[in-house]
Amino acid sequence: MTLGAGYRYLMSSVARADEATKVAGLTGYYAATGTPPGWFLGAGLAGLAGGVGVETGSQVTEKQLWRMLGMLQDPVTGEQLGRPPTGKGMVFVDHLGRVRKAKSSVAGFDLTFSVPKSVSVAWALADEPTRARIHAAHQRALKAVIAYGESQVFATRTGHAGAITEDVRGVVATAFDHWDSRAGDPQLHTHVVVLNRVQPVVDGRWRTLDSKGLFRAAVGMSELYNGLLADELTRDLGWAWLPQERARSTEPKWEVDGVGKELRDEFAQRSSVIERAKDDLVDAFAASHGRQPSAREVIGLRQRATLATREAKQVKPLTELIRGWRVRGRDFVGDDQPAWVAALAGRHTQKLVTADDLRQGILADAATLVVAKVADKRATFTRANLLAEAHRQLHGVRFATQADRIAAAERTATLATDRAVMLTPAETLNVPEHLRRADGSSMLRARNSEVYATQELLDAEARLLAAGQATDGPTVSTRVTARLGHMIVPGKEHVLSAEQAHAVAAVVTSGRRLDVLVGAAGTGKSTTMAGVRAAWEAEHGPGSVVGLAPSAASAEVLADAVGVPTENTAKWISENQRSPEREQCLREYAARLSGAYPCVATRQLQQRAAAERAAYARWTLRPEQLVIIDEASMTATKDLDHITAVATRAGAKVLLVGDWAQLSPVQAGGAFKLLADDRGADVATLHDVRRFRHEWERDSTLQLRTGNPEAADTYLAHGRVESGTREDMLDLLFDAWLTDTRAGRQSLMIAADAQTVADLNARARAHNVAVGAVADGGVTTADGTTIAVGDVVVTRRNVRAYFTGRGWVKNGDDWIVRETRDDGSVRLSRPDNGGVAILPATYVAEHLELGYASTAHRAQGRTVDTAHAYVTPTTTREPLYVMATRGRESNRMYVNVDHDPDDGTRHNEPEHAEPDEVLRHAIATTGADSSATQTRRDEAAAARAPWRVDGHRAAGVATRYL
């Protein structure tokens, strides 16, 4: 939270003193118009008011909150705490002479503790005493998390360049309880605002909080809260908990046993009051004008709705909210809702566990699972990542005390680090006593900042590097490469460019077992791969090139581009691992056929043997074959290692094709860039961008690719950027896409997150239903989406048994719905009328989605006429680069400058950012997975930093800056 932000919204809903008194306690606020006043918490309160301190739990006044969040002052005395802040409105002139706004000082950090939806529903429908007990359990859990953070997370940096990380005496925080979401649904949550001023244990001088340490631990603290809250409610009310699947996450969400999905969904609406008012205005506009409003007209209507709802808005008493919630809940649980809540009790029948109950062997097994889960998702990780996963693994266990849960998770995380390799060099300096924490650890290293990887991944990367350096692999002769400049590319009807011919020659003549071809978006990698295939087959014959890609859909694209049989890497590896089994079968067939006499049974046996030989040949490699892996930057390191090892044993060659600047795999990756960097200037590279119509866009995409923030100014200067609120941007994005598609252009709506894609899909479907292009009724998927005849959909799971005219149903395939049936099944056809599929109801419910919009991951590798990308302050460079490079004619960005990552529980208008700031931040921020090998090098280089080399010098620096 920047200076002054949050002050108004935190105070705006607080009940007035004449409606509720401190004597009445929480109950007094149930009938009052608003929420309870904020209250102080945190051990750092002892340092306020000149050391007199502030009582924990005491009420926060409006003046005190302004001093804290508006001035970074002592809330009691008004004394400045540490360095005076930089206020809003200040400007500076950058190195190019441009006037820019200075960043406002960070006043605090809003840690929002929100109970699971099932808890909010039970709280809303319970009687008053039970409601108070649920609220008390929530407060006990969040207080425990803050106390944990004060001992293990919160810190400050001192010394030269913040070299020293000091523990603090505690934090100064205020907590504000709220009852509902922005949509008016029950959502018990508390905003805990931690002041960006803390006192180090050493000298007590007020300094800023170390935000990096807080962000590193944020997920683990959230998981800890969830576990502690569940424990509290089980101990007090006897509730049991069940894991529930989530639509867009592999991690389960734990909900109260007995609070069903339909009831939870009823109280999880996303439409806000403003959006409902806007929809009414849109209907009125259509009725009076005889047409639907344009996107810009909708923006104006939304602004009118905002003003109207703001003027009419009244913070309702909790009693009034509860009456409304009970009306909505009646159809699900009946009239006696408190009795229904009471019946949730007593479902937990197991013994509450203590930390001592979990023997070392149990925790060791949990630690092994923790490492496996974390290492599968990322190449490198910290203890904070392991601790967060430990909390997830322990969530199904109910502990006797808060200390028991914390101790068990900490022990599990420590055991997990023992099963990994620390990439950060161990401290070897003789650190002075005054630079050691109470636990003996060095202040020269942030707590839990050490980076780890598994030995298995390090070994895999080492094998890949060795294969990339080995030059005893198969090659193509100069007789073939001499003709590259005149060779017609298969399926392209044109010759290679000089750059493409040079890249092909470099790859096919290198002799490297594992080769790399790097190409920026739009440089013609597909054409170059087709040239590689032509050159290789000219030397080694038809069938000597095999194509692989990380997904079935991208494998199909590769097949079309290169003209060879292709498969997705997971399927190929799975089948290849069955090679020993097939070899044994072939030996058995040979033995049985060796003495067989001619007959029907023998012919049948010969046919089965031939089928087995064909399968064996398909899923293995032979000498002098070439395996092309497209989109290799999205292929997991372990998969690259397996394929390369098989190729090396067979005497084949592997070529990785991709772009390290694009998206990383869902699993642990980073190997593609590691291999490209290892080759240095020698790596085969395509630089000439050919995709875009405009020359300036070719240059700008290369600047974006390498992280040059100046690219943002170019896109703005050429009118490619729109900016505004989320809903306004989605309206403009959809309208522009609709205009393009009506004009016959192939256009794509793209977003980095699945929720925005779902919202864009909903807009597109609603429009098509309104104009009669899509039927109103249809089949309903598991997440409540309606799919009907005429809808564009995408299949999300590979099922080879569902045949089509072009093969089989793949994850990522686009379709048009042609028929929906009463049993929930559907008949689909390809957009190009190339094939038909009939999907059963079970597949439709779980694995069929609307496909008007696409995630950045699914869009990578696609080329269209125009692309429209949604961008937020959380967007990073890699998805932005992918989204900004799909369109030949134009690529437009729709920047949400009022983004709030926790939109459901915010109660104010979010802070406004300038579009160039959002784009610059996205371009400068990488989210790519770095290999373990490169991370180890980076950590070693950081350990050799001048201030670390000499422990005594570090001590001197520390003393000088304390």
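Going by the annotation in an unreviewed UniProt entry, the name recorded for the protein is TrwC relaxase domain-containing protein, with Pedococcus aerophilus given as the source organism.

Helix and strand counts for the protein stand at 34 helices and 33 strands. Looking at the 962 residues of the protein, the share that counts as buried comes to 53%. The contacts of the protein with a sequence gap of at least 6 include a subset with a gap of at least 24, amounting to 71%. Of the roughly 41,400 Å² of accessible surface on the protein, a fraction of 51% belongs to carbon and sulfur atoms.

Here we take up the nonpolar core. Within soluble globular proteins, side chains that are nonpolar generally end up buried alongside one another. Membership of the largest hydrophobic core comes to 79 residues, with the highest contact counts inside it found for Val192, Leu233, Trp239 and Trp325. Among the elements that make up this core, the one with the highest residue count is helix H5 (residues 211–237) (ten residues). Excluding residues that lie within four positions of it along the chain, tryptophan 325 makes contacts with Trp123, Ala124, Leu125, Trp179, Asp180, Gly184, Asp185, Pro186, Phe267 and Leu318. Ile299, Leu732, Val757 and Val799 belong to the second largest nonpolar core, which has 35 residues in total.

Further remarks concern helix H3 (residues 117–125). Along H3, nine of the nine residues are buried, which leaves the element largely enclosed by surrounding structure. Of the positions making up H3, those classed as buried are Lys117, Ser118, Val119, Ser120, Val121, Ala122, Trp123, Ala124 and Leu125.

The subject of this paragraph is the packing of helix H17 (residues 525–540) against helix H18 (residues 552–562). Between H17 and H18, the least distance of the axes is 8 Å, while the angle of their chain directions is 65°. In the packing of H17 onto H18, the handedness of the crossing is right-handed. The segment H17 lies against H18, with Ser526, Met529, Ala530 and Arg533 engaging Leu558, Ala561 and Val562. Of the residues assigned to the contact of H17 with H18, the class counts are five nonpolar, one polar and one charged.

What follows is about the pattern of salt bridges. Close approach of charged atoms allows side chains with opposite charge to pair. A full pass over the atoms with the stated rule returns 61 salt bridges. Across the pair lysine 377 and glutamate 251 runs a salt bridge whose closest N-O atoms are separated by 2.8 Å. Linking lysine 377 in helix H11 (residues 360–377) with glutamate 251 in strand S10 (residues 249–256), this pair joins segments that are 126 residues apart in sequence. The class of lysine 377 is partly exposed, set by a relative accessible area of 35%. Residue classification places glutamate 251 among the buried positions, given a relative accessible area of 11%. Each of the salt bridges in this network shares a partner with another, and the network as a whole consists of Lys571, Glu575, Arg578, Glu581, Arg582 and Glu612.

Turning our attention to the sheet that holds strand S20 (residues 721–724). With respect to topology, five strands assemble into an open sheet ordered S20-S33-S32-S21-S31, the strand pairing being parallel. Bordering the open sheet on either side are S20 and strand S31 (853–855), each of which pairs with just one other strand. Sheet twist, expressed as the average angle between the axes of neighbouring strands with direction ignored, equals 25°. For strand S21 (residues 747–751) and strand S32 (residues 864–871), the ladder comprises five bridges, and the chain directions are parallel. If you follow alanine 751 over to S32, its bridge partner there is tyrosine 870. Strand contacts of helix H26 (residues 726–742): S20, S21, S32 and strand S33 (887–896), with the helix running at about 175° to S32, the strand carrying the most contacts. On the sheet, helix H31 (residues 915–924) packs against S20, S32 and S33 and is oriented at approximately 110° with respect to S33.

This next bit is on the side chain of lysine 117. Within the fold, lysine 117 resides in helix H3. One buried charged side chain, lysine 117, makes no salt bridge at all; its nearest oppositely charged neighbour is aspartate 185, positioned 5.2 Å away. A polar side-chain atom of lysine 117 sits 2.9 Å from the main-chain carbonyl oxygen of proline 186. Dropping the residues within four chain positions of it, lysine 117 is found in contact with Asp185, Pro186, Gln187, Glu255, Arg264, Phe267 and Ala268.

This next bit is on empty space enclosed by the protein. Under the defined criterion, the tally for this structure stands at two cavities of 30 Å³ or more. Every residue lining the largest cavity is counted, 20 residues in all, and those nearest its centre are Gln152, Val153, Ala217, Arg447 and Asn448. Considering every element that reaches the lining of the largest cavity, the biggest residue donor is H5, with five residues. Partitioning the lining of the largest cavity into residue classes produces nine nonpolar, seven polar and four charged. Quantified by volume, the second largest cavity comes out at close to 40 Å³. Lining the second largest cavity, in full, are Gly468, Gln469, Arg512, Leu514, Val516, Leu675, Asp678 and Arg679.

Here the focus is unusual backbone geometry. Residues other than glycine seldom take positive phi values, yet leucine 72 does so here, at roughly 55°. Relative to the assigned elements, leucine 72 resides in the loop between helix H2 (62–71) and strand S2 (91–93). You can call leucine 72 buried: its relative accessible area is 0%.

Strand order across the open sheet formed by six strands is S16-S15-S17-S18-S14-S19, with parallel pairing between neighbours. Looking at which strands have only one partner, the edges of the open sheet turn out to be strand S16 (566–568) and strand S19 (684–686). Across this sheet, the average inter-strand angle for adjacent strands is 20°, counted without regard to direction. In this structure, strand S15 (residues 545–549) lies alongside strand S17 (residues 626–629), joined through four bridges in parallel fashion. Counterpart to valine 545 in the pairing with S17 is leucine 626. In this fold helix H16 (residues 498–509) packs onto strand S14 (514–519), strand S18 (653–658) and S19, with an angle of close to 160° to the strand it touches most, S19.

A word on the packing of aromatic side chains. Per the stated rule, a full pass over the model turns up eight aromatic pairs. A ring pair is formed by tryptophan 696 and tyrosine 715, whose centres lie 5.7 Å apart and whose planes are at 80°; its orientation type is edge-to-face. Linking tryptophan 696 in helix H24 (residues 695–705) with tyrosine 715 in helix H25 (residues 711–717), this pair joins segments that are 19 residues apart in sequence. Just as tryptophan 696 is buried, tyrosine 715 falls in that class too. Centroid distance phenylalanine 734 to tryptophan 737: 5.8 Å. Interplanar angle 35°. Geometry classified as tilted. With a gap of three residues between them, phenylalanine 734 and tryptophan 737 both fall in helix H26, about one helical turn apart. Per residue, the accessibility class of phenylalanine 734 equals that of tryptophan 737, and both read buried. Members of the aromatic cluster, joined through ring pairs, are Trp123, Trp179 and Trp325. A cation over a ring is seen here: arginine 705 above tryptophan 660, with NZ or CZ 4.4 Å from the ring centre. It is lysine 810 that lies over the ring of tryptophan 808; its NZ or CZ is 4.5 Å from the centre.

Take the side chain of aspartate 641 next. Relative to the helices and strands, aspartate 641 resides in helix H22 (residues 637–650). The buried category is assigned to aspartate 641, whose relative accessible area is 11%. Among the polar contacts made by the side chain of aspartate 641, one reaches the side chain of arginine 463 at a distance of 2.7 Å. Apart from the residues lying within four places of it in its own chain, the contact partners of aspartate 641 are Ala460, Arg463 and Leu464.

Our next topic: helix H20 (residues 579–594). The end-to-end C-alpha distance of H20 is 22 Å, a good match for the 22 Å that 16 residues give at a rise of 1.5 Å each. Residues of H20 that are buried include every one of Ser579, Arg582, Leu586 and Tyr589, and no others. The buried residues of H20 occupy an angular sector of 75° when projected down its axis, which confines them to one face. Projecting away from the buried face of H20 at angles above 90 degrees are the exposed residues Pro580, Ala591 and Arg592.

The next point concerns the packing of H5 against helix H13 (residues 402–418). Viewed as axis vectors pointing N to C, H5 and H13 meet at an angle of 145°, and their least axial separation amounts to 10 Å. For the pair H5 and H13, the crossing hand works out as right-handed. Between H5 and H13, the contacting residues are Leu224, Gly227, Leu228, Asp231, Glu232 and Arg235 on the first element and Gln402, Arg405 and Ile406 on the second. A class-by-class count of the residues in the contact of H5 with H13 yields three nonpolar, two polar and four charged.

About the criteria used
Residues numbered from 1 in each chain as written. Predicted model: local features only at pLDDT ≥ 70, side-chain atom pairs only at ≥ 80, totals over all residues. Heavy atoms only, no water. Helix = DSSP H or I, 4+ residues; strand = E, 2+ residues; numbered from the N terminus. Buried < 20%, exposed > 50% of the residue type's maximum accessible area, 1.4 Å probe, protein only. Contact = heavy atoms within 4.5 Å. Areas by Shrake-Rupley, 256 points an atom, 1.4 Å probe, with all protein chains shown as cover. Core = buried A, V, L, I, M, F, W, Y, C linked by side-chain atoms within 4.5 Å. Axes fitted to C-alpha atoms, helices over the stretch in contact; angles between N-to-C directions. Left-handed = near helix turned anticlockwise from the far one by under 90°. Nonpolar A, V, L, I, M, F, W, Y, C, P; charged D, E, K, R; others polar. Salt bridge = Lys/Arg side-chain N within 4 Å of Asp/Glu carboxyl O. Pairing = 2+ DSSP bridges. Lys, Arg positive; Asp, Glu negative; His and termini not counted. Polar contact = N/O pair within 3.5 Å; in protein donor to acceptor, adjacent residues only side chain to side chain. 1 Å grid on protein atoms, 1.4 Å probe; cavity = no way out; pocket = protein on both sides within 12 Å on 5 of 7 lines; lining within 4 Å. Points joined across faces, edges and corners; volume = space filled by probe spheres on them. Phe/Tyr/Trp six-rings, centres within 6.5 Å; stacked < 30°, edge-to-face > 60°. Lys NZ or Arg CZ within 6 Å of the ring centre and 35° of its normal. Expected span 1.5 Å × (residues − 1). Arc of directions from axis to C-beta.

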